[in-house]
Amino acid sequence: MADVAIPPNEAFANSYLKNHGKRKGILAWILSTDHKRIGILYMVSLFTFFTVGVILGVLMRLEMLVPGPAGKLFTAQEYNALFTLHGVIMIFLFVIPGIPATLGNFFLPIQIGAKDVAFPRLNLLSWYLYVTGSIIIIVSLFHNGLPDTGWTFYIPYSIRTGTDVTMAVFGVFILGFSSILTGLNFITTIHRLRAPGMGWFKMPLFVWALYATAWVQVIATPVLAITLLLIMVERIFSVGIFDPAKGGDPVLYQHLFWIYSHPAVYIMILPPMGVVSEIITTFSRRTVFGYKAIAISSLAIAFIGYLVWGHHMFVAGMSTTAQFVFSFLTFLVAVPSGIKVFNWVATMYKGSIDLKPPFLFVMAFIFLFCIGGLTGLLLGSVATDAQLHATYFVVGHFHYIIFGGGVFIFFGALHYWLPKMFGRMYSIKAANWALAIMFVGFNMLYFPMLVMGAEGMPRRYFAYLPKFETWQHISMVGSWVLVIGLIIMFANLLHGIFKGKVVGSNPWGGTTLEWTIASPPPPPENFEEIPVIVHEPYYHPEAIEVK
Amino acid sequence: MSEIVGSKSETLSHGHDVHKHRDVQGAKLGMWLFLFTELLLFAGLFLVYATYRYFHPVQFHNAGLETHTLFGTINTMVLLTSSLTMVLSIGAMQRGKKWLAVTFLAGTILLGLIFLGIKYFEWTSEIREGLYPGSPALLNMSDGEILFWGLYYTMTGLHAVHVIVGMIILTFMLVFILTGTINQNDYIKLETAGLYWHLIDIIWIFLFPLFYLIN
Amino acid sequence: MESQETNVQTYSHDHAAESKHAEPIGYGTYILVWLALIALTALTAVVSGVNLAAFTVVVALVIALTKASLVVNIFMHIKFEDFIFKIFLSIAGFTLIVIFTLTFADVYFRR
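Please read these numbers as outputs of a predicted model, since none were measured by experiment.

A. A look at the overall build of chain C. On a plain count of helices and strands, chain C comes out with 4 helices and 0 strands. In sequence order, chain C lays out its α and β elements as α-α-α-α. Out of the 111 residues in chain C, the part that is buried amounts to 23%.

Structure, rendered in structure tokens:
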């Protein structure tokens, strides 16, 4: 490939990783407005919380060693705290900021040929809000006992319980602001700072995905903010807005909560879909098939995703009309999602496929995401949902989507872009092994949940009937296998970052703008000269024309 | 908030060659996006209001008779006037009349203060009548009336918080004009702050009929 | 080549938009709008005294919408801004309609 532009030694001497400002040490990082450094800050914080979330998850599985209720590792109340913390940390501190805050911050400006995001200081502020919100949540745990409401803070329990829901909710409120500011920044950046020649349909598909996500962040998050604010108002002043004892309607709370939290699922999954488009085209050595269809389908998913929140509430006491409407709208999401998957597969057709780790992660993603999507159909239709609601089936389903879909691609994206970010390569062999182990562990962990759920095992119970013992044990062992895979993967990536073999600017033969600059990229402005865009983003001159 | 407004000018140093001029459009786009989040924040509350009004039409009607329409009407006019002085301040800045801009902006802040003052008298009179969340008088009333007053205090209260935030931002703008940071050639900060102030006005335009008039 | 041409157009368009801002709107326009807003406020307060049964809400909301659109268009300059601002605004407006319609798909049919 065109790997000759900048000699690696020079790249390391002049990289964003070296200090160029007047500040020293850690201050040069936590006060930097360079989007690349902010991306790294986010990455360190996110994976710290991810580790905590994983440990909590493994403990929850360990709880299922015996059916109980006698001889349990944790009491019922402690188990309530475990699933609440696991949910809050994984959803609000890890997956929602996820790819946009880390890799999006790092690569969005580079991919559109800009020197930074539109509002760099606002970008840093959003990281501080993230950290503040996280600290408040962590503090709330050690104040009045562990929160036990579940991550959805459903009313009326959340206004009755004695644990410190107010503070936990306030933390999430602050995190919401962080998310809004990132989204606002990205939209403005994409509108205002594209390099000359980069029309809307010359943007990389990752940028399109981030654009759609950013709109969801801006338009949906405020509704969560007000919902959480109302919980706080309710707990402090007891105005009665959601309190059934005073005429309030708990179902209305669920509406408001899911008006945000369903679109939030698309905040979690759209950016990974953008990454998939990047990886598939790079490792197939072909321009992407159906570029416009994939780009528009991102917007379509964001849009339809806004219309379907009611499918979380089929059994909550909604009107039958609403059940019908929301069920119908839910099935519409399959259309743009299908468009994406078909175009990805068509991109590989007659491509020159290179089975490197990022591509293998995408393969794992397609498999796991299909299971997640197909089980989603059963939950989207009212009749089957009435049976499966609040069982392990739901837990299995969303882990297949969010973890198997979103987070596996987050990992794949790390394998794709880390050589660019740090100029060094991890061990390909270890990466392949880690993926294989994780894939096995993942399916051992979550497939039994689908089975148990279909047989009636309810979620959020700390004990279970003896007939589920075998499946629970398979699931538990699966969690250990998965963790082994994760440890190998992170060890390999960290070793790669610090000690890996030095690579040039374009190890994979990618065609988007980030592969035209040095690895690691130069500070703080990315490009010596702002590039002028003449080609489509995925222009592979050597590719075979498919007739 | 001041950080948000303050960061707009950063675009200048980080934009590329083609954006040699200050990216005024970018700053405005960013501010409008922020306004949408404020709009949707209140939209959640309006949705709650609409639902409960639909469930308890008669009780909302009766409770609405208790609010002070006169206070509400005067306050609406005060806020509308403050919006006028806001745009006049920007207009004066555009024409380079610094002291006129300062006068109008100070007037805007003063009108905000008057709004809050009237609000204070209104709330105290209602609290004296025993109409406040969790009060014994209120808890004896019907569900619909409890919800009405709950929403009344939550929505006008959240709006008042926004007025206070807006006044703080405008005070910063006043200082920026005096120090010359905002001048005839660079008044985007004042413009975006103005947008925020107008949004507060718009929200009140809808709160006013819902709590003071429809009865 | 083709793409560069489009780009030039984009930026010249921008430039035109900004030169349009250069001429400030007259104080008179603002004062007229303010007078209209005050008049509408008086009108809606007076009308609320008249019993219009089910139309009370509609009348009050129509007047409020008129007032809001005056503020958005003139005071907030949307009338004079680029097209993209109008698209943005319609996305926000559309979101509001979606939230209300779908929630009322439940609320309206619940009892």
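B. Looking closely at the confidence of the model for chain C. Residues and elements named next belong to chain C. Mean pLDDT over chain C works out to 79, with 77% of the residues at or above the 70 mark. Averaged pLDDT values for the elements of chain C fall to 40 in helix α1 (residues 2-22) and rise to 93 in helix α4 (residues 83-110). In this model residues 1-20 is a low-confidence stretch, pLDDT under 50, and it forms 16 contacts with partners more than four residues away in sequence or in other chains. Here the prediction assigns the complex a pTM of 0.92, and the interface score ipTM is 0.91.

C. Main features of unusual backbone geometry. Residues and elements named next belong to chain A. The step from I155 to P156 runs through a cis peptide bond, and the omega angle for that step is 5°. Relative to the elements of secondary structure, P156 occurs in the loop between α6 (120-141) and α7 (157-160). Its identity as a non-glycine residue notwithstanding, F153 has a phi of 50°, on the positive side. Residue F153 is classed as buried on the basis of its C-beta count, with 22 C-beta atoms lying within 10 Å. The phi dihedral of R285 is positive, around 55°, even though this residue is not glycine. Here R285 lies in the loop between α10 (250-284) and α11 (291-305). Taking the number of C-beta atoms within 10 Å as the measure of exposure, R285 has 19 and is therefore partly exposed.

D. Representation of the interface of chain C and chain A within the structure. On the side of chain A, 18 residues touch chain C, which itself brings 13 residues to the contact. Going through the elements one at a time, α1 and α4 of chain C are the ones with two or more residues in the side of chain C that touches chain A. Looking at the side of chain C that touches chain A residue by residue, the class counts come to 5 nonpolar, 6 polar and 2 charged.

E. Local environment of the environment of Q217 of chain A. All names here are of chain A. Along the chain, Q217 falls in helix α9 (residues 205-237). The exposure class of Q217 is buried, given the 32 C-beta atoms found within 10 Å. When the C-alpha positions of Q217 and S179 are compared, they lie 6.3 Å apart, and in sequence the two are 38 residues distant. Non-local contacts of Q217, meaning those with residues more than four positions away in its chain, are made with S179, I180, T182, G183 and I267.

F. Representation of the interface of chain B and chain A in the model. Contacts between the two partners involve 36 residues from chain B, matched on the other side by 38 residues from chain A. Where the side of chain B that touches chain A is concerned, the elements lending two or more residues are α1 (2-7), α2 (10-14), α3 (24-55) and α8 (143-179) of chain B. With 14 residues, α3 of chain B is the single largest residue contributor to the side of chain B that touches chain A. In the side of chain B that touches chain A, the residues fall into 15 nonpolar, 15 polar and 6 charged.

G. Seen up close, the packing of helix α3 (residues 35-62) of chain A against helix α18 (residues 469-499) of chain A. Residues and elements named next belong to chain A. Two numbers describe how α3 lies on α18: the axes approach to 8 Å, and their chain directions differ by 155°. Taken together, α3 and α18 sit at an angle that is classed as roughly antiparallel. In this structure, α3 meets α18 at a crossing whose hand is left-handed. Residue-level inspection shows V54, G57, V58, R61 and L62 of α3 in contact with α18, the latter providing S475, M476, S479, V483 and L486.

H. The nonpolar core, seen in detail. Counting residues in hydrophobic clusters, the biggest one holds 274 residues, and the most contacted among them are Y211 of chain A together with M173 of chain B. Ranked by residues supplied to this core, first place goes to α9 of chain A with 22 residues. Residues contacting Y211 of chain A, with those up to four places away along its chain left out, are F186, I187 and I190 of chain A.

I. Summary view of the packing of helix α16 (residues 392-422) of chain A against helix α17 (residues 428-454) of chain A. Residues and elements named next belong to chain A. The geometry of α16 relative to α17 is characterised by a closest axis approach of 7 Å and an angle of 165° between their N-to-C directions. In terms of their interaxial angle, α16 and α17 are classed as roughly antiparallel. Handedness of the α16/α17 crossing: left-handed. Residues Y392, F393, V394, V395, G396, H399, Y400, G404 and H415 of α16 form the contact with α17, whose own contacting residues are A431, F442, Y446, M449, L450, M452, G453 and A454. Considered class by class, the residues forming the contact of α16 with α17 number 12 nonpolar, 5 polar and no charged.

J. α17 of chain A, seen in detail. Under the 1.5 Å per step criterion, the end-to-end length of α17 of chain A is 39 Å for 27 residues, consistent within 8% with the ideal 39 Å. Phi for G456 of chain A, located one or two positions after α17 of chain A, is positive at around 105°.

Definitions and cut-offs
Residues numbered from 1 in each chain as written. Chains lettered and ligands numbered in written order. Predicted model: local features only at pLDDT ≥ 70, side-chain atom pairs only at ≥ 80, totals over all residues. Helix = DSSP H or I, 4+ residues; strand = E, 2+ residues; numbered from the N terminus. Buried ≥ 20, exposed ≤ 12 C-beta atoms within 10 Å, placed from the backbone. pLDDT = per-residue confidence, 0-100. Contact = placed C-beta atoms within 7 Å. Nonpolar A, V, L, I, M, F, W, Y, C, P; charged D, E, K, R; others polar. Axes fitted to C-alpha atoms, helices over the stretch in contact; angles between N-to-C directions. Parallel < 35°, antiparallel > 145°, perpendicular 65-115°, else oblique. Left-handed = near helix turned anticlockwise from the far one by under 90°. Core = buried A, V, L, I, M, F, W, Y, C linked by C-beta atoms within 7 Å. Expected span 1.5 Å × (residues − 1).

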